[in-house]
Amino acid sequence: GREDDYEWSVPYVDNSQVIVVKADSGINNLSDLEGKTVGVQAASAALAVLQDAEQQKSLADTFGTLQEFGDYNTAFTELQAGSVDAIAMDIGVAQYQLESRGDGDYIILDEHLNSEKYGVGFKLGNEELRDKINADLKTLKANGTFDSLADKYELSDMTCLE
């Protein structure tokens, strides 16, 4: 169905696409990527954003090169070596990569490529199921289970439950 045939649950997960650079790169915002070599994983959401004329294709057209990699570990090796100036990726992957490296050598730019949110969708008019799931989610929030799971899976900065 079409998006307007559905309504969404209360919580969502942020899966924005971001740019990671070396902390000392002098790259502070998206416009600083002009003429630079930007890495991205092949067949990724970040690549789709950079190829979409309605999203960030105009930005990608300013890059010196958009280099595709089979995986992000290879992309980070190339970033460390200076073969690429930046990497475009999901915010969750970026946070995991930075935390696993733990050296403070890399940062995520404050300016994101897009803002993508995922939630549970319900067919418009199915208020009974929507209300039951929303009530259960609010209970999990109130008793601490929601926050505990978000912390356990390092999603605290990416989830919202009002």
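Structure report, in brief.

So, how was this worked out
Residues numbered from 1 in each chain as written. Predicted model: local features only at pLDDT ≥ 70, side-chain atom pairs only at ≥ 80, totals over all residues. Heavy atoms only, no water. Pairing = 2+ DSSP bridges. Helix = DSSP H or I, 4+ residues; strand = E, 2+ residues; numbered from the N terminus. Axes fitted to C-alpha atoms, helices over the stretch in contact; angles between N-to-C directions. Contact = heavy atoms within 4.5 Å. Expected span 1.5 Å × (residues − 1). Buried < 20%, exposed > 50% of the residue type's maximum accessible area, 1.4 Å probe, protein only. Arc of directions from axis to C-beta. Polar contact = N/O pair within 3.5 Å; in protein donor to acceptor, adjacent residues only side chain to side chain.

**Focus: the sheet that holds strand S3 (residues 17–22)**
Right, so step 1: With respect to topology, 5 strands assemble into an open sheet ordered S5-S4-S6-S3-S7, the strand pairing being mixed. Every other strand in the sheet has two partners, leaving strand S5 (65–69) and strand S7 (106–108) as the edge strands with one partner each. Across the sheet, the mean angle from the axis of one strand to that of its neighbour is 30°, orientation sign disregarded.
Right, so step 2: Across the face of the sheet, helix H3 (residues 72–81) comes into contact with S3, strand S4 (37–41), S5, strand S6 (86–90) and S7 while running at roughly 155° to S6.
Right, so step 3: Helix-sheet contacts for helix H4 (residues 91–101) involve S3, S6 and S7, and the interaxial angle to S6 is about 120°.

**Focus on helix H5 (residues 127–142)**
Right, so step 1: Over its 16 residues, H5 runs 22 Å from end to end, which matches the ideal 22 Å to within 8%, given 1.5 Å per residue.
Right, so step 2: Taken residue by residue, H5 has Arg 130, Asn 134 and Leu 137 as its buried positions. One side of H5 holds all its buried residues, which, seen down the axis, span an arc of 60°. Opposite the packed face of H5, turned more than 90 degrees from it, sit the exposed residues Glu 128, Lys 132 and Ala 142.
Right, so step 3: Where H5 ends, the next residue or the one after it, Gly 144, has phi of about 90°, a positive value.

**With respect to the side chain of Asn 114**
Right, so step 1: Of note, Asn 114 is situated in the loop between S7 and strand S8 (117–118).
Right, so step 2: For Asn 114, the side chain forms a polar contact with the main-chain nitrogen of Gln 17, separated by 2.7 Å.
Right, so step 3: Leave out the neighbours within four places in its chain, and Asn 114 touches Ser 16, Gln 17, Val 49 and Gln 55.

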